[in-house]
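Analysis of the macromolecular model
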Amino acid sequence: VFILILIPIATAALQALQLTVLTAPLVAMLTSIMTFIPLLIIAAVVLVAAYFVGRVVGGFIAQLLAGLGFDKILVTLGLTKTEPTGNRTPSKIVGWLAMMGIVLAAALTAFTVLRLDPLVALLNGFIVFAAQILIGLVIFGVGLWIASWVSDFVQNSNWPHKYLLALVARIAVIVLSLAMALTQMGLADSIITLAFGVPL
């Protein structure tokens, strides 16, 4: 409040001196600051509101998924034998990701309001990359579920060498889903180049 009162008074005082050479740059700077302060307040309000909304939405999503049995997904995929507990359950992780998505969207809006174009471009790129990573993880998770289902199907059949076939089928599906996930993430070429030294 002190600054908001001081800036227009200081601007008027400098203009009253009529020393254009000295006061013009100062008046321009103070005017820019006076214009920027409301934008800064709006950006701060957007970020704070997004944080609280994100917490509420994230908590709701976490409770909803937990009620639907989403925390058993790691057991279903065969990644663990027991359900995780505490703050690292799959439902709470998804809720946290939802909250972070809301906060990042609000941060993008705030940077746009403040006309911080380099930060807008940087955050845009990060959001796109994060979305690709999440989609890739979803693809890999679905691949693990399909691999587990195919393996169980083969093991419950009367085929000869069914356990070996189940293992081969499981590995094939996992490798295929991993390749699809890495391609979605945009990491496939980099990993192949790093592993084999083959430029693509």
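Data block above holds the structure.
Residues numbered from 1 in each chain as written. Predicted model: local features only at pLDDT ≥ 70, side-chain atom pairs only at ≥ 80, totals over all residues. Heavy atoms only, no water.

With that settled, the discussion passes to the overall build of the chain. Within the chain, the regular secondary structure consists of seven helices and zero strands. Going from N to C terminus, the chain has its helices and strands arranged as α-α-α-α-α-α-α. The long-range fraction of contacts in the chain, counting pairs at least 24 apart against all pairs at least 6 apart in sequence, stands at 55%. As displayed, the chain offers around 13,700 Å² of accessible surface, 76% of which is attributable to carbon and sulfur atoms. (Helix = DSSP H or I, 4+ residues; strand = E, 2+ residues; numbered from the N terminus. Contact = heavy atoms within 4.5 Å. Areas by Shrake-Rupley, 256 points an atom, 1.4 Å probe, with all protein chains shown as cover.)

Take helix α4 (residues 90–113) next. A rise of 1.5 Å per residue sets the reference length of α4, with its 24 residues, at 34 Å; its end C-alpha atoms lie 35 Å apart and thus fit the reference within 8%. The set of residues buried in α4 consists of P90, S91, G95, M99, A106, A107, L108 and A110. Following α4 by one or two positions, R115 adopts a phi angle in the positive range, close to 60°. (Expected span 1.5 Å × (residues − 1). Buried < 20%, exposed > 50% of the residue type's maximum accessible area, 1.4 Å probe, protein only.)

Each pair of aromatic rings is reported with the distance of its centres and the angle of its planes. Considering all chains together, one arrives at two aromatic pairs under this definition. Pairing Y51 with F52 gives two aromatic rings, centres 5.4 Å apart and planes at 75°, and the pair type is edge-to-face. For Y51, a relative accessible area of 37% translates into the label partly exposed. Aromatic pair W149 and F153: ring centres 5.7 Å apart, planes at 15°, arrangement stacked. In this pair, W149 and F153 both sit in helix α5 (residues 117–155), four residues apart, roughly one turn of the helix. (Phe/Tyr/Trp six-rings, centres within 6.5 Å; stacked < 30°, edge-to-face > 60°.)

Another point: the packing of α5 against helix α6 (residues 162–185). Where α5 meets α6, the axes come as close as 8 Å, and the angle between the chain directions of the two elements is 170°. Considering their axes alone, α5 and α6 lie roughly antiparallel with respect to each other. Residues that form the contact of α5 with α6 fall into these classes: 21 nonpolar, eight polar and two charged. (Axes fitted to C-alpha atoms, helices over the stretch in contact; angles between N-to-C directions. Parallel < 35°, antiparallel > 145°, perpendicular 65-115°, else oblique. Nonpolar A, V, L, I, M, F, W, Y, C, P; charged D, E, K, R; others polar.)

This brings us to the layout of surface pockets. In this model, the second largest pocket occupies a volume close to 230 Å³. Residue lining of the second largest pocket: 13 residues in total, with M100, L104, F126, A130 and L134 positioned closest to the centre. Elements that contribute at least two residues to the lining of the second largest pocket include exactly α4 and α5. The element best represented in the lining of the second largest pocket is α5, accounting for seven residues. Tallied by class, residues from the lining of the second largest pocket come to 12 nonpolar, one polar and no charged. (1 Å grid on protein atoms, 1.4 Å probe; cavity = no way out; pocket = protein on both sides within 12 Å on 5 of 7 lines; lining within 4 Å. Points joined across faces, edges and corners; volume = space filled by probe spheres on them.)

With respect to the element layout, L137 can be found in helix α5. Given the relative accessible area of 48%, L137 is considered partly exposed. Measuring from C-alpha to C-alpha, the distance between L137 and M185 comes to 8.6 Å, with 48 residues separating the pair along the chain.

The subject of this paragraph is a nonpolar patch on the surface. Taken together, the side chains of V138, V142, W145, I146, W149, F153, W159 and L165 present a nonpolar region at the surface, about 830 Å² in accessible area. Relative to the elements of secondary structure, V142 occurs in helix α5. (Patch = residues over 30% accessible without salt bridge, like charges linked within 9 Å, V, L, I, M, F, W, Y side chains within 5 Å. Salt bridge = Lys/Arg side-chain N within 4 Å of Asp/Glu carboxyl O.)

Along its 39 residues, α5 runs 57 Å from first to last C-alpha, staying within 8% of the 57 Å computed at 1.5 Å per residue. Those residues of α5 lying buried are V120, L123, G136, G141, G143, L144, A147, S148, V150, S151 and V154. In this structure, the buried residues of α5 make contact with α3 (73–76), α4 and α6.

Although it is not a glycine, R115 adopts a positive phi angle of roughly 60°. Mapping R115 onto the fold places it in the loop between α4 and α5.

Attention now goes to the packing of α4 against α5. Interaxial distance between α4 and α5 falls to 9 Å at its minimum, and their mutual angle equals 160°. Looking at the two axes, α4 sits roughly antiparallel to α5. Regarding α4 and α5, the two cross each other, and that crossing is left-handed. When α4 is examined against α5, the residues L97, L104, A107, L108, F111 and T112 are found in contact with a partner set consisting of L119, V120, L123, N124, F126, I127 and L134. A per-class count over the contact of α4 with α5 returns 11 nonpolar, two polar and no charged. (Left-handed = near helix turned anticlockwise from the far one by under 90°.)

These figures come from the coordinates and say nothing about function on their own.
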